[in-house]
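Chain by chain, the residues:
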Amino acid sequence: MAHAAALEIRHLNKQYIVDNQPMPVLENIDLSINPGEFISVVGSSGCGKSTLLRLIIGLEKEYQGEIRVDGQPIVGTSLERGIVFQEHRLFPWLTVEQNIAVSLLNANQSSKSKHDAVHAHIEMVGLKGFENAWPGQLSGGMSQRVAIARALVSRPEILLLDEPFGALDALTRSHLQRELQTILRQEGITAIMVTHDVEEAVYLGDRIVVMEPRPGRIKRVVDVPLARPRDRGSYAFAAIKADVMADFSEVIAPPEPAPPPTHGLSPSWRFSW
Amino acid sequence: MPAAKHRQQQPLPSLRALAWRRRAAKLDYWLWPWLLPLIILGLWWLGGRQQWLGSQVLPSPGEVLDSLTELLASGELQRDVLISLERVLEGFLLGSALGLALGAAMGLSERASDYLYPLVRLIAYVPLLGWLPLLMLAFGIGETLKAVLVAQAALLPVALNTYNGIRAVPPHYVEVGRIYGFSRRQALWRIILPAAFPMVWSSIRYGLTKSWLALVVVELLASSEGLGFLMVDSRQLYRLDAMLVAVVSIGVVGFVLDQVLAMIEKRILRWRRAGFAS
């Protein structure tokens, strides 16, 4: 079992410069996460929850405040922190096996132990037999399994999940939520999941961090004192879900920016004759 | 009942009918591409037979075939093909290697693209033959001239597409490399190059075709051997049958060169085929 890390966020502020004007994205975030804890972060779009994950993983360098893992301030990215994005981000030119091995490229291990770790994780996410498949041959759910295996194979102490099941259909999503829970329990690591699916947040989280937008702030933190595996149909589950949902009922979220107009013909466009 | 009636009107096709349909589809696949060339060949043959044009102006297919066997028997055609091939490969390898280096430099370094890209774009708008007088002054009309022109024909498309291919690499992929602690070198070899490869390779294919066309043009103008020379020489001797042999050979060699690269591409890009065709 990998060591689970504690995460300490103190007075975290982040802003982007837009047209020479500072635009605050995150304002005064304080959060401490215990080793092995599962934190769900929910919020409407624009509340900076993905930015928060990018800061913790180490992809964004400009910020004010402190992010400490086991007391040590983070410096850039590290194999001790793994991440799964909403898009699976697998390299289409590598097979499943090679894609997972990507995260061990710079790990200090013998190639034998790397190979074993990759295969153990392929089995863990239930993709035995698909080692040599190309990502283009996999369904969305299978691709996301590969992405989870890739994030876990380097034995991180913290796993970050950025709306990992957001693009999947409802059945696959609930199936993967259950499996993720089993896997994380085996690994015993700390996890932070960003989502806008309140049910998912309640199902998986030990605590739920509710964020509000513009600039992104923590509105409140909700405990989920339910035994696992959780029953989505139970009264207690529904009560917590309704409680969190209430935070979003009053504000009507501003409309999402429209997708940019596409120019020209779609690549599949062709005469049929 | 209307449903039953409907079913009666449109019975399911029998297995035999399906097999025929599949055979017909296969025939379609093989027949259509050949239809137009065969008609042209037929007209040509008919024209020669009916003397629509004098055989001095348009030799019949039979004469061209005779000329082909003659040129093959004397070894002249093989020699010219080999010489042209050697020249094109030499120039193309030089040009595409330089193009790759130039495109990669522009794609990877902001400064290199600031300094070089506008000039490269500008040069790309000057037709190949526009450089010929200048290059003739600089290099004479020997082998160097041919190598330089052929190289230049491949260099520009390869450089521009390598640049664009690298620019188009999704930043998402590069971030994955950063997350797993890739060095710049690892990111270049394991992420940027494979991601840009399809675009780069198609420009290499295009570059080879351009090189081949450029070579034939230079051989037309300044050479004493090679397929382009065979063409211009036959024309001057009024041997249009031999000239047509040269024309066809140029087309065939160009096609084969491109097919070789297409086969390599299929092999390297099997992940793409697997992704879309299965």
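Residues numbered from 1 in each chain as written. Chains lettered and ligands numbered in written order. Predicted model: local features only at pLDDT ≥ 70, side-chain atom pairs only at ≥ 80, totals over all residues.

**Q** Tell me what's going on with the overall build of chain B, and back it up with residues and numbers.
**A** Secondary structure assignment for chain B yields 12 helices and 0 strands. In chain B, the order of α-helices and β-strands from amino to carboxyl end is α-α-α-α-α-α-α-α-α-α-α-α. Taking 278 residues into account, the globule formula puts the C-alpha radius of gyration at 19 Å, and chain B, at 26 Å, lies well above it. Taken along its principal axes, the extent of the C-alpha atoms in chain B is 80 × 65 × 30 Å. The contacts in chain B between residues at least 6 apart in sequence include a share of 71% that link residues at least 24 apart. (Helix = DSSP H or I, 4+ residues; strand = E, 2+ residues; numbered from the N terminus. Rg over C-alpha atoms; globule rule 2.2 N^0.38 Å. Contact = placed C-beta atoms within 7 Å.)

**Q** Now, about the pairing of strand β8 (residues 190–195) of chain A: what can you tell me, with residues and values included?
**A** All names here are of chain A. The element β8 is largely enclosed, with a buried count of 6 among its 6 residues. Of the two faces of β8, the one carrying Thr 190, Ile 192 and Val 194 and the one carrying Ala 191, Met 193 and Thr 195 are both buried. Two elements, strand β7 (residues 158–162) and β8, share 5 bridges in a ladder whose sense is parallel. Paired with Leu 160 across the two strands is Ile 192, which belongs to β8. In this fold, β7 hands off to helix α5 (residues 170–187), which returns the chain to β8; that crossover is right-handed. (Buried ≥ 20, exposed ≤ 12 C-beta atoms within 10 Å, placed from the backbone. Pairing = 2+ DSSP bridges. Right-handed = clockwise from strand over helix to strand, strands pointing away.)

**Q** Pulling in residues and values, what's your account of the sheet that holds strand β1 (residues 7–18) of chain A?
**A** All names here are of chain A. If you trace the 4 strands from one edge of the open sheet to the other, you get β2-β1-β4-β5, paired in antiparallel fashion. The sheet terminates laterally at β2 (21–33) and β5 (72–73), the two strands that pair on one side only. Of the strand pairs in this sheet, β1 and strand β4 (residues 64–69) are connected by 5 bridges, and their pairing is antiparallel. From the neighbouring strand, Glu 8 faces β4, where its bridge partner is Arg 68. Contacting β1, β2 and β4, helix α1 (residues 49–57) runs over the sheet at an angle of about 70° to β2. (Axes fitted to C-alpha atoms, helices over the stretch in contact; angles between N-to-C directions.)

**Q** Give a detailed account of the sheet that holds β8(A), specifying residues and quantitative values.
**A** All names here are of chain A. An order of β6-β7-β8-β3-β9-β10 is seen for the 6 strands of this open sheet, with the pairing classed as mixed. At either margin of the open sheet sits one strand with a lone partner, and together these are β6 (81–84) and β10 (217–223). Each neighbouring strand pair of the sheet contributes to a mean axis angle of 20°, computed without reference to strand direction. Relative to β7, β6 is paired through 4 bridges, and the arrangement is parallel. By the bridge assignment, Gly 82 is partnered in β7 with Leu 159. In this fold helix α4 (residues 140–152) packs onto β6 and β7, with an angle of close to 170° to the strand it touches most, β6.

**Q** Go over the nonpolar core, please, and point to the residues and values.
**A** Residues and elements named next belong to chain A. Grouped together as the largest cluster of nonpolar side chains are 72 residues, with contacts concentrated most on Val 41, Ile 100, Leu 160 and Ile 192. Here this core takes 6 residues from α4, the largest share from any one element. Residues within four places of Ile 192 in sequence aside, it is in contact with Ile 33, Ile 39, Val 41, Leu 53, Ile 56 and Leu 160. (Core = buried A, V, L, I, M, F, W, Y, C linked by C-beta atoms within 7 Å.)

**Q** Break down the environment of B:Arg16 for me, citing the residues and quoting the values.
**A** Its location among the elements puts B:Arg16 in helix α2 (residues 15–49). For the pair formed by B:Arg16 and B:Leu122, sequence separation is 106 residues and the distance between their alpha carbons is 62 Å.

**Q** So, unusual backbone geometry: which residues are in play, and what are the values?
**A** With an omega of -5°, the peptide bond running from A:Arg228 to A:Pro229 counts as cis. Structurally, A:Pro229 can be placed in the loop between β10 and α7 (235–249). In this model, A:Asn28 sits at a positive phi of 50°, which is unusual for a non-glycine residue. Tracing the sequence through the fold places A:Asn28 in strand β2. At B:Tyr238, a residue that is not glycine, the phi angle is positive and equals roughly 60°. The topology assignment puts B:Tyr238 in the loop between α10 (227–236) and α11 (240–268).

**Q** Now, about the interface of chain B and chain A: what can you tell me, with residues and values included?
**A** If you look at the interface, chain B gives 16 residues, while chain A gives 17 residues. Elements with a contribution of two residues or more to the side of chain B that touches chain A: α8 (171–179), α9 (184–221) and α12 (270–277) of chain B. The element contributing the most residues to the side of chain B that touches chain A is α8(B), with 6 residues. Of the residues contributing to the side of chain B that touches chain A, the split by class is 9 nonpolar, 5 polar and 2 charged. (Nonpolar A, V, L, I, M, F, W, Y, C, P; charged D, E, K, R; others polar.)

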